[in-house]
Amino acid sequence: MRRAIFPGSFDPITNGHYDIVQRGVKLFDEVVVAIGVNADKKYMFSLEERQSFIEKSFKDEPKVKVVTYQGLTIDFCKDIDAQFILRGLRNPADFEFEKAIAHTNRKLSKIETVFLLTAAKTSFISSSIVRDVIRNNGDYTQLVPESVVVKNI
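What counts as what
Residues numbered from 1 in each chain as written. Predicted model: local features only at pLDDT ≥ 70, side-chain atom pairs only at ≥ 80, totals over all residues. Heavy atoms only, no water. Helix = DSSP H or I, 4+ residues; strand = E, 2+ residues; numbered from the N terminus. Rg over C-alpha atoms; globule rule 2.2 N^0.38 Å. Buried < 20%, exposed > 50% of the residue type's maximum accessible area, 1.4 Å probe, protein only. Contact = heavy atoms within 4.5 Å. Areas by Shrake-Rupley, 256 points an atom, 1.4 Å probe, with all protein chains shown as cover. Core = buried A, V, L, I, M, F, W, Y, C linked by side-chain atoms within 4.5 Å. Pairing = 2+ DSSP bridges. Right-handed = clockwise from strand over helix to strand, strands pointing away. Salt bridge = Lys/Arg side-chain N within 4 Å of Asp/Glu carboxyl O.

**Student:** For this particular structure, what's the right way to read the overall build of the protein chain?
**Tutor:** On a plain count of helices and strands, the protein chain comes out with five helices and five strands. Secondary structure elements in the protein chain, listed N-terminal to C-terminal, are β-α-β-α-β-α-β-α-β-α. Taken against the 2.2 N^0.38 rule, which gives 15 Å for 153 residues, the C-alpha radius of gyration of the protein chain at 15 Å falls within 12% of a compact globule. Counting every position in the protein chain, which comprises 153 residues, the buried fraction comes to 43%. For the protein chain, the share of sequence-separated contacts (at least 6 apart) that also reach a separation of at least 24 residues comes to 76%. As displayed, the protein chain has an accessible area near 8700 Å², and 52% of this comes from carbon and sulfur atoms.

**Student:** So what exactly am I meant to see when it comes to the side chain of S127 here?
**Tutor:** By secondary structure assignment, the location of S127 is in helix α5 (residues 127-135). Non-local contacts of S127, meaning those with residues more than four positions away in its chain, are made with D11, P12, T14 and H17.

**Student:** Would you explain the environment of P62 in this entry?
**Tutor:** Position of P62 relative to the elements: it lies in the loop between α2 (47-57) and β3 (64-69). The spacing of P62 and M1 is 61 residues in sequence and 14 Å in space, taken between C-alpha atoms.

**Student:** I tried to follow the nonpolar core on my own but got confused; where do I start?
**Tutor:** Side chains of a nonpolar character, in soluble globular proteins, are inclined to be buried together. Membership of the largest hydrophobic core comes to 26 residues, with the highest contact counts inside it found for F6, V21, V31, V33, I54, L86 and V130. Considering every element that reaches this core, the biggest residue donor is strand β2 (residues 30-36), with three residues. I5, V32, Y69 and I111 belong to the second largest nonpolar core, which has ten residues in total.

**Student:** What's the story with the pairing of strand β4 (residues 84-89) in this structure? I'm lost.
**Tutor:** Regular strands have side chains that alternate between both faces of the sheet. Of all six residues that make up β4, five are buried, and the element is covered over most of its length. Here strand β1 (residues 3-8) pairs with β4 via two bridges, running parallel. Paired with A4 across the strands is F84, a residue of β4. Of the strand pairs in this sheet, β4 and strand β5 (residues 112-117) are connected by six bridges, and their pairing is parallel. Within the sheet, the bridge partner assigned to L89 lies in β5 and is L117. A crossover links β4 with its parallel partner β5, the connecting element being helix α4 (residues 92-108), and its sense is right-handed.

**Student:** Is there a simple way to explain the pattern of salt bridges in this structure?
**Tutor:** Any two side chains of opposite charge can pair, given that their charged atoms come close. For the structure on display, the rule yields nine salt bridges. With a closest N to O distance of 3.7 Å, R2 and D29 form a salt bridge. Of this pair, R2 sits in the segment before β1 while D29 sits in the loop between α1 (15-24) and β2; the two residues are 27 residues apart in sequence, bridging distant segments of the chain. For R2, a relative accessible area of 42% corresponds to the partly exposed category. When its relative accessible area of 34% is taken as the criterion, D29 is described as partly exposed. We note a salt bridge from D19 to R23, for which the minimum N-O separation is 2.7 Å. With D19 and R23 both in helix α1, this residue pair falls four residues apart, about one helical turn. Given a relative accessible area of 16%, D19 falls into the buried group.

**Student:** I keep staring at the environment of I5 and nothing clicks. Help me out?
**Tutor:** Along the polypeptide, I5 turns up in strand β1. Residue classification places I5 among the buried positions, given a relative accessible area of 0%. In this structure the C-alpha to C-alpha distance between I5 and V31, which are 26 residues apart in sequence, comes to 5.6 Å. If we skip the residues at most four places from it in the chain, I5 touches V32, A34, T73, F76, C77, I80, A82, F84, I85 and L86.

See below:
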């Protein structure tokens, strides 16, 4: 089985993340959306909310699993027998950052990283931009899957 993990904090999941997962399921037998837990980071949404957003977004896609993990991504890959790490690239800065991580991961393990370019229509979206729009009472609904649209934000 070709299993890939798509790691991130997903605070919140964006339409860009959604697009990468949708395209990833065409390449892999299973895509595990892996929400990394970092106790030192302050999140806008709780771990439970983030997991729920993603699960609801992919409720009709049996090839997508949603889990949480702590520690090194490559250790988690070994734990669940994932051979690939799936990552999305929006711009050249993303590539340089992700390239360094991919080289490190390959040096420390046999895990390969597969990069997908984001769709042009979502390439400007990041979770930090979405959080800023939400904090400033802007219309974030066109930047995220329907599952993230919360009436009380």
